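Each chain, written out:
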Amino acid sequence: MIFFFEIIADQTAGDPMDETIRWTNLTHQQISDKLKEKGIDASRKIVKKLFKKHGYVKRAAQKVISIGASKDRNEQFEIITKWKNEYQNCGNPVISMDTKKKELLGNLYRDGQIYTTEIQRVYDHDFPHLADGIVIPHGLYDLTRNTAFVNIGTSKDTGEFACDSIRQWWYNEGRYNYPDASSILLLCDGGGSNSSRHYLFKEDLQKLVSELGIEIRVAHYPPYTSKWNPIEHKLFCHMTRALTGVIFTSHELVKELVETTTTKQGLKVTANIINTVYQTGRKVAANFKKTMKIIFDDELGKWNYRAVPLTT
């Protein structure tokens, strides 16, 4: 239908690098009305069919274009694959770790829809001072067992919190699932509470491994590659579905919802609440770098290292 293309022509944009990619901001109703002005009676249903016929599909923009790149990106990916295969072949745990987007607790709007018998009424603004608290979901995903342990923080996302989260996983699941483990491989991003650049996380990690009595090998994903961390597509996207549209009235409710997360592949999720209040602005102990047993690899040691228990 030539009139269809004439109508959308002035309201169509495209990709300068790909002639097959184009989009329009006109709605079905607007196009229907313009067709009627030209003497063509086309309902919104017909317009929808025209869109489909000519390859127009309603889509949301996808955040898939990296804003930067690291010169050692591919090499680090190869290192991560090597360690992942080695640990799984030896029966040692491979854990992908990250903090999901923080949420506010209270009578505040959340994206999504759920079936209800009554309208859910929330505040018309989402100001933080209206919240009753904060929800910080910190996840640990077991690549071998397809299970996850999510700790829901109520304070701050710090290195201490990340290590407490690992501690909870190990005492509640890890040591039982891997009784003969000699080391844990931890895959994580390079920023945030487990920053690869700062020694504060390494200091907290050193204390943790000395308590647990087991080595932890850390492999950080390079800058701009956090989407490749397995937990993002193996756990967090499914958690989002389980939490969508529900007003967070308590941390206990969030815990219950997180534990309903599942997939056709059999994902099982356990959740726990950590009520510890964490201090921000902490400094690394003056003598830590001299006494630490953080052993950096020869190959890209800035992202690959082992925290070894201190012997008493």
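The paragraphs below set out a description of the structure included in this document. Source: prediction; values computed, not measured. (Residues numbered from 1 in each chain as written. Predicted model: local features only at pLDDT ≥ 70, side-chain atom pairs only at ≥ 80, totals over all residues. Heavy atoms only, no water.)

The next subject is the packing of helix H7 (residues 230-243) against helix H8 (residues 251-258). Contact geometry of H7 with H8 gives a least axis separation of 9 Å together with a crossing angle of 120°. It follows from the interaxial angle that H7 and H8 lie oblique. The handedness of the crossing between H7 and H8 is right-handed. From H7, Met239, Ala242 and Leu243 reach across to H8, where they touch Val254, Leu257 and Val258. Within the contact of H7 with H8, the residues separate by chemical class into 6 nonpolar, no polar and no charged. (Axes fitted to C-alpha atoms, helices over the stretch in contact; angles between N-to-C directions. Helix = DSSP H or I, 4+ residues; strand = E, 2+ residues; numbered from the N terminus. Parallel < 35°, antiparallel > 145°, perpendicular 65-115°, else oblique. Left-handed = near helix turned anticlockwise from the far one by under 90°. Contact = heavy atoms within 4.5 Å. Nonpolar A, V, L, I, M, F, W, Y, C, P; charged D, E, K, R; others polar.)

In this section: the side chain of Asp98. Note on placement: Asp98 falls in strand S3 (residues 94-99). Lacking a salt bridge, the buried Asp98 has Lys227 as its closest oppositely charged neighbour, with an N-O distance of 8.2 Å. Those residues within four positions of Asp98 in sequence are excluded, and the remaining contacts are Pro137, His138, Gly139, Asp189, Asn229, Ile231, Glu232 and Phe236. (Buried < 20%, exposed > 50% of the residue type's maximum accessible area, 1.4 Å probe, protein only. Lys, Arg positive; Asp, Glu negative; His and termini not counted. Salt bridge = Lys/Arg side-chain N within 4 Å of Asp/Glu carboxyl O.)

Take the environment of Ser193 next. Relative to the helices and strands, Ser193 is located in the loop between strand S7 (183-188) and helix H6 (199-212). Using a relative accessible area of 12% as the deciding quantity, one classes Ser193 as buried. Between the C-alpha atoms of Ser193 and Lys156, which are 37 residues apart in sequence, the distance is 9.5 Å. In this view, Ser193 contacts Thr99, Asp157, Thr158, Gly159, Ala162 and Phe201; residues no more than four positions away in its chain are not counted. Here Asp157 takes part through its side chain, which lies 3.1 Å from a polar atom of the side chain of Ser193. (Polar contact = N/O pair within 3.5 Å; in protein donor to acceptor, adjacent residues only side chain to side chain.)

With that settled, the discussion passes to the pattern of salt bridges. Scanning the entire structure with this criterion turns up 11 salt bridges. Residue Lys302 is joined to Asp72 by a salt bridge in which the shortest nitrogen-to-oxygen separation is 3.3 Å. Taken together, the residues span a long stretch of sequence, with Lys302 in the loop between strand S10 (294-296) and strand S11 (304-307) and Asp72 in the loop between helix H3 (44-53) and helix H4 (73-90) at a distance of 230 residues. On the basis of relative accessibility, which here comes to 45%, the residue Lys302 falls in the partly exposed class. In this structure, the salt-bridge partner of Glu211 is Arg167, at a minimum N-O distance of 2.9 Å.

What follows is about the packing of aromatic side chains. Under the definition given, this model contains 8 aromatic pairs. An angle of 70° between the planes, with centres 6.4 Å apart, marks the rings of Tyr199 and Phe288 as edge-to-face. Here the residue Tyr199 occupies a position in helix H6, and Phe288 occupies one in helix H9 (residues 288-291), the gap between them amounting to 89 residues. Within the aromatic cluster, the residues linked to one another by ring pairs are Tyr199, Phe288, Phe296 and Tyr305. (Phe/Tyr/Trp six-rings, centres within 6.5 Å; stacked < 30°, edge-to-face > 60°.)

This next bit is on the pairing of S7. Burial analysis of S7 places 6 of its 6 residues in the buried class, the great majority of the element. Burial of the side chains of S7 extends over both faces: Ser183, Leu185 and Leu187 are buried on one face and Ile184, Leu186 and Cys188 on the other. Sheet topology places S3 next to S7; 4 bridges connect them, and they run parallel. Residue pairing in the sheet places Met97 in a bridge with Cys188 of S7. Both S7 and strand S8 (residues 215-220) contribute to a ladder of 6 bridges, which runs parallel. By the bridge assignment for S8, Leu187 is matched with Ala219. Where the polypeptide runs from S7 across H6 and back to S8, its parallel neighbour, the crossover connection is right-handed. (Pairing = 2+ DSSP bridges. Right-handed = clockwise from strand over helix to strand, strands pointing away.)

Another aspect to go through is unusual backbone geometry. One non-glycine residue, Tyr224, lies in the positive phi region at around 70°. With respect to the helices, strands and loops of the structure, Tyr224 is situated in the loop between S8 and H7. Even without being a glycine, Leu300 presents a positive backbone phi close to 50°. Mapping Leu300 onto the fold places it in the loop between S10 and S11.

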